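# Understanding the architecture of this molecule
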Amino acid sequence: MSKINILGVDFDNKSFKQFQNEFIGRINMHQSTFTVTANPEIVMAANENPEFMKILNYDADYITPDGIGIVKAAQMLGTPLQERVTGYDLFTWLMRVASERNLRVYLIGAKPQVIHAVQEKVAREYSGIQLVGAKDGYFNEDLEIVAYQIERTEPDLVFAALGSPKQEQLLALLRKNLLPALMMGVGGSFDVFAGAVKRAPLFWQNAHLEWFYRLITNPTRWKRMLVLPKFVVNVREAKKEKK
Ligand code: UDP
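Residues numbered from 1 in each chain as written. Predicted model: local features only at pLDDT ≥ 70, side-chain atom pairs only at ≥ 80, totals over all residues. Heavy atoms only, no water.

## Some remarks on the packing of helix H2 (residues 40-48) against helix H3 (residues 50-59)
It is the contact of H2 with H3, at a shortest axis distance of 5 Å, that shows an interaxial angle of 120°. On the basis of the axis angle, H2 is oblique to H3. Seen from above, H2 lies across H3 with left-handed handedness. Mapping the contact onto sequence places Ile42, Ala45, Ala46, Asn47 and Glu48 in H2 and Pro50, Phe52, Met53 and Leu56 in H3. Class assignment for the residues of the contact of H2 with H3 results in seven nonpolar, one polar and one charged. (Axes fitted to C-alpha atoms, helices over the stretch in contact; angles between N-to-C directions. Helix = DSSP H or I, 4+ residues; strand = E, 2+ residues; numbered from the N terminus. Parallel < 35°, antiparallel > 145°, perpendicular 65-115°, else oblique. Left-handed = near helix turned anticlockwise from the far one by under 90°. Contact = heavy atoms within 4.5 Å. Nonpolar A, V, L, I, M, F, W, Y, C, P; charged D, E, K, R; others polar.)

Printed below as a string of structure tokens:
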């Protein structure tokens, strides 16, 4: 099956490699492409917010399963997804591609000192990139104004790390205006990229406990994680309904 529905959100059932191939094709064709990397929190938020659900199911071109909770839910529903495809892995790979091909990249999101550190890292390690914009995520302008600022720089790639649903709202505006770029919401990726937040060591990642590592290293996350048990309950109910 090419799409797997988890509580109303249609995920693309593709491997990391398949996403890579399709993205390269779309970059070559300058096709306007909006990718959402969705975890259980995003699925739950969309279930509470019809506008956000519309963005996911009508405006996005791709939805990748970012989070082991999504992969497990798909298994439980008897419609397994090929693999977890994280926003961070796609982001770092695309930055590499952009550097090799001298692409124009616009980065928006995270705290001023973080985006500054990201800029320095790009200059150091991804020097082929033409960084056409690097804006922190704590702006006061309306999203329409910010979208216009981005469009004017004619980027090939846009990464928004503003948290959800703000990053998806911004990218949906650009997608509606048919900006010929590959655009992706990447959540906390700039913090990790800049070294401000560490990704879980491999042991935790392999044990599928990255979420637990993030919880113990950043205890303020527990409030957000309260939606996760509800996610599991809702998936169980969806499974019963399917039978
Ligand atoms: N952020 C931002 N503007 C805001 C709120 C958040 O730029 O108004 C940034 C924040 O600094 C962080 C990212 O958005 O870098 C979201 O991180 P979060 O941990 O929420 O991401 P996720 O867990 O969804 O990957």
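Having put the structure on the table, let's press on.
## Description of the site of the ligand
Inspection of the region around the ligand gives 15 residues, with Ala110, Gly137, Tyr138, Gly188 and Asp191 positioned closest. Ala161 places a polar main-chain atom, nitrogen or oxygen, 3.1 Å from an oxygen atom of the ligand. Taken by itself the ligand offers 550 Å² of open surface, and the protein chains cover 76% of this. Residues that form the shell around the ligand fall into these classes: four nonpolar, five polar and six charged. (Near = heavy atom within 4 Å. Polar contact = N/O pair within 3.5 Å; in protein donor to acceptor, adjacent residues only side chain to side chain. Areas by Shrake-Rupley, 256 points an atom, 1.4 Å probe, with all protein chains shown as cover.)

## Concerning the packing of helix H7 (residues 143-152) against helix H8 (residues 166-176)
It is the contact of H7 with H8, at a shortest axis distance of 9 Å, that shows an interaxial angle of 55°. By the angle between their axes, H7 is oblique relative to H8. Read as a crossing pair, H7 and H8 show a hand that is right-handed. Where H7 abuts H8, its residues Leu143, Glu144, Val146, Ala147, Ile150 and Glu151 lie against Lys166, Gln169, Leu170, Leu173 and Leu174. Class assignment for the residues of the contact of H7 with H8 results in seven nonpolar, one polar and three charged.

## Things to note about the packing of aromatic side chains
Tallying each qualifying case throughout the model produces twelve aromatic pairs. Ring centres of Phe91 and Phe159 lie 4.8 Å apart, and the angle between their planes is 80°; on these two criteria the pair is classed as edge-to-face. Remark: Phe159 occurs in strand E7 (residues 157-161) and Phe91 occurs in helix H5 (residues 87-101); sequence separation between them is 68 residues. Exposure class is identical for Phe91 and Phe159. Each is buried. Look at Trp211 and Phe212: their rings are 5.7 Å apart centre to centre, the planes differ by 65°, and that puts the pair in the edge-to-face class. On the basis of relative accessible area, Phe212 is assigned to the partly exposed category, the value being 34%. Through pairs of rings, three or more aromatic residues link up here, namely Tyr88, Phe91, Tyr126, Phe159, Phe190 and Phe193. Across from the ring centre of Phe193, 4.3 Å away, lies the NZ or CZ of Lys121, which sits over that ring. (Phe/Tyr/Trp six-rings, centres within 6.5 Å; stacked < 30°, edge-to-face > 60°. Buried < 20%, exposed > 50% of the residue type's maximum accessible area, 1.4 Å probe, protein only. Lys NZ or Arg CZ within 6 Å of the ring centre and 35° of its normal.)

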